[in-house]
Amino acid sequence: MNPKQLTVSVVIMGKEYRIMCPAPQEKNLIEAAQYLDKKMSSIKENSKITSDDRLAVITALNIIHEKLSFDETHKRLQDEKNAQTKKVEDLTMKLTNVLEEHT
C-alpha cells in the first residue's frame, strides 16, 4: 500500500517550490528545504557566485562533502567500537577460563 502523498510548499532562496512527498516524510522534507536554504544563503553571502545554477551545484557539493565526512567518521567510530567490544569479549573469555580453572 502506498502512503498518502502530500503536496508540500517550501521556500528556497525566496522561491516557492511545491513538492510531492509521502505524508510520513513531510517533516523531513521541510527540514531538508530549510537546511538547503540556509546553506545556499550562506554560500551566496560568502562568495561571488551570481548564477543560481552554479550556486545550487556548489551547495550540493558542500552538502555531499559533509555527508561523506560524516559517513567516514561514523565508520571509523563504529570500527573502534567493534574493536573495543572484541577486546572486552576476549578479556571476558580469559576471565571465565581462569575462574573455571580455579573452581
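The structure we're discussing is the one just above.
So, a few notes on the structure that sits alongside this text. (Residues numbered from 1 in each chain as written. Predicted model: local features only at pLDDT ≥ 70, side-chain atom pairs only at ≥ 80, totals over all residues. Heavy atoms only, no water.)

**Remarks on the nonpolar core**
Soluble, globular proteins show a tendency: their nonpolar side chains are buried together. The following threshold applies: The nonpolar core is taken to be a set of buried Ala, Val, Leu, Ile, Met, Phe, Trp, Tyr and Cys residues, with the residues joined through side-chain atoms within 4.5 Å. Per-residue accessibility, obtained with a 1.4 Å probe over protein chains only, is compared with the maximum for each type, and a residue is labelled buried under 20%, exposed over 50%, and partly exposed between these values. Secondary structure elements are defined from DSSP: runs of H or I of at least 4 residues count as helices, runs of E of at least 2 residues count as strands, and each element is numbered from the N terminus. Between two residues, a contact is recorded if the distance between any of their heavy atoms is within 4.5 Å.
Grouped together as the largest cluster of nonpolar side chains are 10 residues: V8, V10, I12, C21, L29, A33, M40, I43, I49 and L55. The biggest single contributor to this core is helix α1 (residues 26-45), with four residues. Every residue in contact with V8, bar those within four places of it in the chain, is listed here: Y17, R18, I19, C21, E26, L29 and I30.

**Here we look at α1**
Under the convention used in this document: A helix is expected to reach a length of 1.5 Å times the quantity of its residues less one. Picture the helix axis, draw a direction to every C-beta atom, and the arc is the one those directions span.
Taking 1.5 Å per residue, 20 residues should reach 28 Å; α1 reaches 28 Å between its end C-alpha atoms and fits that length. The complete set of buried residues in α1 reads L29, A33, M40 and I43. In an axial view of α1, the angular spread of the buried residues amounts to 100°, which keeps them on one side of the axis. Within α1, the exposed residues directed more than 90 degrees away from the buried face are K27, Q34, K38 and E45.

**Some thoughts on unusual backbone geometry**
You will see that M13, though not glycine, has its phi angle at about 55°, which is positive. Within the secondary structure, M13 is located in the loop between β1 (5-12) and β2 (15-22).

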